[in-house]
Amino acid sequence: MSNLKYDFTGKTVIVTGAARGIGLELGRFFQEAGANTYLVDFDGDEVEKAAADIGARGMRADVGNTEDVNAVVEAAATETGRVDIVVNNAGILRDTVLWKMTDEDWEAVLNVHAGGTFRFTRAAVPHFRAQNFGRVINVTSYTGLRGNTGQANYATAKAGIIGFTKTAAKELARFGVTVNAISPNAATRMVASIPEEKMAELSAQIPMGRFAEPSEMAAAIGFLASEEAGYITGVVLPVDGGISM
Ligand SMILES: NC(=O)c1ccc[n+]([C@@H]2O[C@H](COP(=O)([O-])OP(=O)(O)OC[C@H]3O[C@@H](n4cnc5c(N)ncnc54)[C@H](O)[C@@H]3O)[C@@H](O)[C@H]2O)c1
């Protein structure tokens, strides 16, 4: 639960990968700040439960599927008359060293992270243009800049998201749209599979000495999504306790 006070009343927000983890906390944050919030996830049962808990709208959609993505954006636009903020957060891992990585491992990770980010942003553009306003916040990782053993697919996808963020920022600036990214480091299911010893070792490398709670991502997201941040675009903001320094 966040004590941050932002007001997103009247804004329509879509958060992908929102059944749990960072996405759910971001959805909670926007809903508490007054937005019409759409939680989107591949895991339909879980996202509907999560959305019901916080009073948001939950929709099952695969960010890897163009029809699913367009249906979410159209539903949000039809039901609320707007699409203001898109947070591209959905993610998967298929970790293994590159010589054991299958085409499926490679394509699945690129299609969800980079492909999903592209699809949702593309679908929102007509609405952003009509409103002369929009905010896109993508979720990347410092793995995209530094690489990480076992994550050739993930590192490539996350680096790609940085290139996409900057390109979209350039293309959409003329329509009053900003496109930025955050680079998180939070204790979620995605890091839960890391053994305890390794977690202790990793935490010791973080200047802040710990992983963030997923809710701590809201500070950066709320700021980048606000009307007041309208002159900030193409930025990758680390929210990582200093690990990427
Ligand atoms: N946790 C971290 O420290 C960390 C660090 C760097 C980047 N990230 C990024 O943050 C984002 C959220 O990560 P998290 O740790 O909360 O992970 P998580 O696994 O807890 O949540 C990811 C969510 O995305 C959903 N999802 C997966 N594939 C999907 C698809 N095709 N369509 C729709 N939804 C789909 C999953 O069902 C899940 O609910 C990811 O993009 C991840 O790469 C996380």
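Before reading further, recall that the structure is shown in the block above.
Computed from a prediction, not measured in an experiment: that's the story for all the values here.

**Student:** Teacher, can you tell me more about the sheet that holds strand β4 (residues 85-88) here?
**Tutor:** Note: strands within a sheet are paired through backbone hydrogen bonds, in either parallel or antiparallel orientation. Reading across the sheet, the 7 strands line up as β3-β2-β1-β4-β5-β6-β7 and stay open at both edges, with parallel pairing between neighbours. For this open sheet the edge positions go to β3 (57-60) and β7 (236-239), each flanked by a neighbour on one side alone. Each neighbouring strand pair of the sheet contributes to a mean axis angle of 20°, computed without reference to strand direction. In this structure, strand β1 (residues 12-16) lies alongside β4, joined through 3 bridges in parallel fashion. Bridging from a neighbouring strand, V15 pairs with V87 of β4. Each of β4, β5 (134-139), β6 (177-184) and β7 is contacted by helix α9 (residues 218-225), which is oriented at about 170° to β6, the strand it contacts most.

**Student:** Looking at this structure, I do not really get the nonpolar core. What am I missing?
**Tutor:** With 32 residues, the main nonpolar core has F8, L26, F30, L39, I182 and M217 as its most contacted residues. Of all elements in the fold, only β1, α1 (21-32), α2 (44-54), β4, β5 and α9 reach the threshold of two or more residues within this core. Not counting the four nearest positions on each side in its chain, F8 is found in contact with F29, F30, A33, G34, A35, I85, G222, A225 and S226. Ranked by size, the runner-up nonpolar core spans 28 residues in total, among them I14, F120, A124 and V177.

**Student:** Any chance you could explain the environment of I182 here in plain terms?
**Tutor:** Turning to its location among the elements, I182 is positioned in strand β6. Along the primary structure I182 and L224 are separated by 42 residues, whereas in three dimensions their C-alpha atoms are 9.2 Å apart. Once residues lying within four places of it in the same chain are set aside, the contact partners of I182 are I137, N138, V139, T140, M217, A220, I221, L224, L237 and V239.

Definitions and cut-offs
Residues numbered from 1 in each chain as written. Predicted model: local features only at pLDDT ≥ 70, side-chain atom pairs only at ≥ 80, totals over all residues. Heavy atoms only, no water. Pairing = 2+ DSSP bridges. Helix = DSSP H or I, 4+ residues; strand = E, 2+ residues; numbered from the N terminus. Axes fitted to C-alpha atoms, helices over the stretch in contact; angles between N-to-C directions. Contact = heavy atoms within 4.5 Å. Core = buried A, V, L, I, M, F, W, Y, C linked by side-chain atoms within 4.5 Å. Buried < 20%, exposed > 50% of the residue type's maximum accessible area, 1.4 Å probe, protein only.

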